[in-house]
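# Structural description and commentary
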Amino acid sequence: MVTQIITAYNNSPSAVTAAAALLRAGECVAFPTETVYGLGANGLDEGAVAKIFAAKGRPNDNPLILHIHDFAQAEQLWTDIPETAKQLAAVFWPGPLTLIYTAAPCVPAIVRANLPTVALRMPDNEIALHMLRAAGLPIAAPSANSSGSPSPTSAAHVMDDLNGRIPLILDGGACHIGIESTILSLCTAPPTLLRPGAITREMIEAVIGEIGLSPALLSPLQQGETPQSPGQKHRHYAPNCKVKVISGEPSAVAARICELYEQSGQRCHIAATAENAPHYTGKQYTTLGSRGNPATLCANLFSLLRAADCDLLLMEGIDTSGAGLAYMNRVLRAAGFDGERV
Ligand code: TXA
Ligand code: MG
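Surveying the vicinity of ligand 1 reveals 25 residues, the closest of which are Thr-35, Asn-62, His-67, Ser-181 and Gly-231. A distance of 2.7 Å is found between an oxygen atom of ligand 1 and a side-chain nitrogen or oxygen belonging to Thr-35. A distance of 2.9 Å separates an oxygen atom of ligand 1 from a polar side-chain atom of Arg-195. Look at ligand 1: alone it shows 680 Å² of surface, and the protein chains cover 96% of it. When contributions to the shell around ligand 1 are tallied by element, the ones reaching two or more residues are β4 (65–67) and β6 (117–121).

Here is the structure:
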């Protein structure tokens, strides 16, 4: 199969029309969102959804998010609408928040991976919203990477992973958030944060009060522990090198990273914060942004994980409040939870 890339900046109507036609015909299309690129297909068509799993090499026990453009679609896809969903959608949709609730009978089992629940999200990206409107369907879409690798934040990343496996990529430029949406389950009381993202725990709690945190956000699942979200048990964000995370007081972190860099005898690269970058002069490093602004660190993270050309990537840990929780969740998972505190 030949994979076509169409530039979809400025809401190019022909790009969106081509994508919607393919989706309606049961094919897959990669498209930009504000978080990462998604690989979409008709979420009500089992055959179309099966093509997503095949293109990504995704385990079939890992359910998909249905993307919608209108809150009224949630009424069709969930059994009913909990009050918390209305409150959160009013504040955060369209936006990087995925909500999980009991699925209506029309949602195919393959989308839910046989769970009784379904995840819904309304992306905050004009190209995605135009495409969803033109297709007139809920669109199942995981991140458009091959399973296990870092999520794609540009059309070129999607091409690297899925060239020849899908017919079309809509190129909408770089995704400005750069990590996947926050996932909140509304099936528990209080709701449970299953994956942290740009919509932070603090932002959600300001709307609906205290929420629970999945125990698997910053540490691996314990033996025998059932994941609250199937994605938690799969390896994620794995670059082609080993990753180690050093956390603690910033200057001690820099000192330990320099020590590991010099002792390792391997080709090392450092993912630096702007504050610590001066400590790494003469070494191979990339500055991701300021520790005071985790959103920038998140935006640059997956490009670095994809580009890292080294044996050992040494990463600085940061504070886990606000968007720092999402950053540390991705970094620790990329490292297979190989972390050290100094
Ligand atoms: O930002 C995003 O959410 C992107 C863009 C494309 O929208 N999508 C995305 O999808 O990251 P994916 O499939 O890569 O990650 C979805 C995660 C998986 O870990 C999956 O296990 C979990 O959501 N998930 C989906 N449905 C679920 C459900 N019913 N219950 C629990 N977890 C669910
Ligand atoms: Mg993914």
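This part takes up the sheet that holds strand β15 (residues 312–316). Read from one edge of the open sheet, 5 strands run β14-β13-β15-β12-β16, paired in parallel fashion. Of all the strands in the sheet, the pair left with one neighbour each is β14 (285–289) and β16 (339–341). Adjacent strand axes in the sheet meet at a mean angle of 20° when their direction is disregarded. As defined by bridge partners, strand β12 (residues 242–247) adjoins β15 across 5 bridges and the pair is classed as parallel. Looking at β15, one finds that Lys-242 is bridged to Leu-312. Sheet strands touched by helix α10 (residues 294–307): β13 (268–273), β14 and β15. Its angle to β14, the strand with the most contacts, is close to 150°.

Attention now moves to the state of the cysteines. Counting across every chain of the model gives 0 disulfides. Here Cys-298 is not cross-linked by a disulfide; its sulfur's nearest cysteine counterpart is in Cys-175, at 13 Å.

Of the two faces of strand β8 (residues 168–171), the one lined by Leu-168 and Leu-170 and the one lined by Ile-169 and Asp-171 are each fully buried. Here strand β2 (residues 29–31) runs beside β8; their pairing, made up of 2 bridges, is parallel. From the neighbouring strand, Val-29 faces β8, where its bridge partner is Leu-168.

Here we take up α10. If you check α10, its first and last C-alpha atoms are 20 Å apart, about what 14 residues at 1.5 Å a residue would give, namely 20 Å. Roughly 35° is the biggest bend found in α10, and it falls at Leu-301. Within α10 the residues assigned to the buried category are Pro-294, Leu-297, Cys-298, Leu-301, Phe-302, Leu-304 and Leu-305. Against β13, β14, β15 and α11 (324–334) lie the buried residues of α10.

This part is about the nonpolar core. As a rule of thumb, nonpolar side chains are buried together in soluble globular proteins. Ranked by internal contacts, the top residues of the largest apolar core, which has 68 residues, are Trp-78, Leu-170 and Leu-184. At 6 residues, helix α6 (residues 126–135) tops the list of elements feeding residues into this core. Of all hydrophobic cores here, the second largest spans 26 residues; its members include Ile-179, Val-243, Ala-334 and Ala-335.

The next point concerns unusual backbone geometry. Cis geometry marks the peptide bond from Trp-93 to Pro-94, where omega comes out at -5°. Mapped onto the elements of the fold, Pro-94 is located in the loop between α4 (83–92) and β5 (97–102). Geometrically, the link from Ala-189 to Pro-190 is a cis peptide bond, its omega value of -5° lying close to zero. Along the chain, Pro-190 falls in the loop between β9 (182–185) and β10 (192–195). Not every positive phi belongs to a glycine, and Asn-114 is a case in point at roughly 70°.

Look at helix α1 (residues 13–24) against α6: their axes get within 9 Å of each other, and the N-to-C directions meet at 50°. Classified by the angle between their axes, α1 and α6 sit oblique to one another. The element α1 and its partner α6 pack so that their crossing is right-handed. Across the interface between the two elements, Val-16, Ala-19, Ala-20, Leu-23 and Arg-24 of α1 pack against Ile-127, His-130, Met-131, Ala-134 and Ala-135 of α6.

The subject of this paragraph is the pattern of salt bridges. Inspection of the entire model under this criterion finds 15 salt bridges. In this structure, Glu-180 engages Arg-330 in a salt bridge whose closest nitrogen and oxygen atoms are separated by 2.8 Å. In this pair, Glu-180 is assigned in the loop between β8 and β9 and Arg-330 in helix α11, connecting sequence segments 150 residues apart. The exposure classification of Glu-180 matches that of Arg-330, with both residues buried. As a salt-bridge pair, Lys-244 and Glu-340 come within 3.6 Å of each other at their nearest N and O atoms. Taken together, the residues span a long stretch of sequence, with Lys-244 in strand β12 and Glu-340 in strand β16 at a distance of 96 residues. The buried category is assigned to Lys-244, whose relative accessible area is 16%. Connected through shared salt-bridge partners, Lys-242, Lys-244, Arg-256, Glu-259, Asp-338 and Glu-340 make up one network.

Considering the arrangement of structural elements, one finds Gly-324 in helix α11. According to the relative accessible area criterion, Gly-324 is buried, its value standing at 0%. In this structure the C-alpha to C-alpha distance between Gly-324 and Cys-298, which are 26 residues apart in sequence, comes to 8.7 Å.

Conventions we followed
- Residues numbered from 1 in each chain as written.
- Chains lettered and ligands numbered in written order.
- Predicted model: local features only at pLDDT ≥ 70, side-chain atom pairs only at ≥ 80, totals over all residues.
- Heavy atoms only, no water.
- Near = heavy atom within 4 Å.
- Polar contact = N/O pair within 3.5 Å; in protein donor to acceptor, adjacent residues only side chain to side chain.
- Areas by Shrake-Rupley, 256 points an atom, 1.4 Å probe, with all protein chains shown as cover.
- Helix = DSSP H or I, 4+ residues; strand = E, 2+ residues; numbered from the N terminus.
- Pairing = 2+ DSSP bridges.
- Axes fitted to C-alpha atoms, helices over the stretch in contact; angles between N-to-C directions.
- Contact = heavy atoms within 4.5 Å.
- Disulfide = S-S within 2.5 Å.
- Buried < 20%, exposed > 50% of the residue type's maximum accessible area, 1.4 Å probe, protein only.
- Expected span 1.5 Å × (residues − 1).
- Bend = angle between axes of the 7 residues up to and from the residue.
- Core = buried A, V, L, I, M, F, W, Y, C linked by side-chain atoms within 4.5 Å.
- Parallel < 35°, antiparallel > 145°, perpendicular 65-115°, else oblique.
- Left-handed = near helix turned anticlockwise from the far one by under 90°.
- Salt bridge = Lys/Arg side-chain N within 4 Å of Asp/Glu carboxyl O.

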